[in-house]
Amino acid sequence: VGIHALNRLTRGLTDEERAARTKGVFITHTGLIYQNCFSALSYKEGGNVIHDIVGSYHFKDFVKGWGHFTCMDHGFSNPTVFLFCCFDEYGRIIVYDEMYQSKTTVRDLAGMYLRRVEKLDVHPIYSVGDPSNLTRTESQTGTTIQSEYMEHGVPIALGHKDVSSGIVRCQNRFQSKALFI
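The model shown is predicted, which means the values in this text are computed figures rather than measured ones.

Undergrad: Give a detailed account of the pattern of salt bridges, specifying residues and quantitative values.
TA: Per the counting criterion, the structure on display carries three salt bridges. One salt bridge connects Asp88 with Arg92, and the closest N-O pair in it is separated by 2.5 Å. Residue Arg92 is classed as partly exposed on the basis of its relative accessible area of 23%.

Undergrad: Hey, could you go over the pairing of strand 1 (residues 67–73) for me, with residue numbers and the actual values?
TA: Most of strand 1 sits out of view: five of its seven residues are buried. The pairing of strand 1 with strand 2 (residues 80–87) spans seven bridges and is classified as antiparallel. Paired with Cys71 across the bridge in strand 2 is Leu83. Where strand 1 hands over to strand 2, the hairpin turn is made up of six residues, counted between the paired strands. Here strand 1 runs beside strand 4 (residues 126–129); their pairing, made up of four bridges, is parallel. Paired with Met72 across the strands is Gly129, a residue of strand 4.

Undergrad: Requested: an account of the sheet that holds strand 6 (residues 179–180), with residues and values cited.
TA: Pairing in this open sheet of six strands is mixed, and the strands run 5-4-1-2-3-6 from one edge to the other. If you trace the sheet from one side to the other, it starts and ends with strand 5 (157–158) and strand 6, each paired once. Strands in contact with helix 7 (residues 106–120) are strand 1, strand 2, strand 3 (93–101) and strand 4; relative to strand 3, the strand with the most contacts, it is inclined by about 140 degrees.

Undergrad: Residues and numbers for the packing of aromatic side chains, please.
TA: Counted under the stated rule, the structure contains five aromatic pairs. A centroid spacing of 5.2 Å and a plane angle of 10 degrees characterise the contact between Phe69 and Tyr126, whose relative ring orientation is stacked. Placement of Phe69 in strand 1 and of Tyr126 in strand 4 is noted, with a sequence separation of 57 residues between them. Given a relative accessible area of 40%, Tyr126 falls into the partly exposed group. Ring centres 6.1 Å apart and planes at 75 degrees place the aromatic pair Phe82 and Tyr149 in the edge-to-face group.

Undergrad: Can you tell me about the nonpolar core, naming the residues and giving the values?
TA: Grouped together as the largest cluster of nonpolar side chains are 15 residues, with contacts concentrated most on Phe82, Tyr113, Tyr149 and Ile156. If you list the elements that add at least two residues to this core, you get strand 2, helix 7 and helix 9 (145–151). If you tally residues by element for this core, the top one is helix 7, at five residues. Discounting residues that sit within four places of it in the chain, Ile156 has contacts with Met72, Phe82, Ser127, Val128, Gly129, Leu134, Gln146 and Tyr149. In terms of nonpolar packing, the next biggest core, distinct from the first, is built from six residues, Cys85, Ile93, Val95 and Phe174 among them.

Here is what the cut-offs are and how they apply
- Residues numbered from 1 in each chain as written.
- Predicted model: local features only at pLDDT ≥ 70, side-chain atom pairs only at ≥ 80, totals over all residues.
- Heavy atoms only, no water.
- Salt bridge = Lys/Arg side-chain N within 4 Å of Asp/Glu carboxyl O.
- Buried < 20%, exposed > 50% of the residue type's maximum accessible area, 1.4 Å probe, protein only.
- Helix = DSSP H or I, 4+ residues; strand = E, 2+ residues; numbered from the N terminus.
- Pairing = 2+ DSSP bridges.
- Contact = heavy atoms within 4.5 Å.
- Axes fitted to C-alpha atoms, helices over the stretch in contact; angles between N-to-C directions.
- Phe/Tyr/Trp six-rings, centres within 6.5 Å; stacked < 30°, edge-to-face > 60°.
- Core = buried A, V, L, I, M, F, W, Y, C linked by side-chain atoms within 4.5 Å.

Here is the structure:
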């Protein structure tokens with residue numbers, strides 16, 4: 001491909017995206033949520049954003065007194081994920097741990113979740129999950145996935161199914177340095 005054709009193909013990309021496509025430079029953000037929110041180069045040039053928040057404190061001490069919650073998306077072939085998050089009085093949210101498992105029953109996932117909560121020594125105020133998976137009825141039991149989690153000690157509230165506004169909220173939180181993963 002000639003230089004003029006390459007320039008036409010990469011017109012409209014940021015400098016970082018153009019370098020990734022023309023020189024193979026690695027960039028860490030992908031997908032709609034992370035688009036234009038931060039860049040790998042800003043970390044390289046400006047340091048660690050989490051360190052800017054946490055400073056020299058140990059994480060456990062830093063988040064003492066913060067509220068804790070979990071987000072989840074249930075799957076079987078596609079993995080189930082639980083994200084462990086905390087928030088402070090200023091609305092900053094840190095996602096600090098993840099449980100990621102596929103081909104596992106709800107009973108086993110609930111047990112893993114409860115053991116993780118105990119190990120982390122946190123008390124989540126609530127758990128919220130993707131309603132499209134949680135309201136599905138299991139053919140073997142005739143109950144919903146949400147009911148099965150509840151039966152095994154893990155109550156999960158249904159989240160709102162509005163992908164576009166969720167992406168915008170995540171982008172805004174990343175841009176205002178109010179969400180850290």
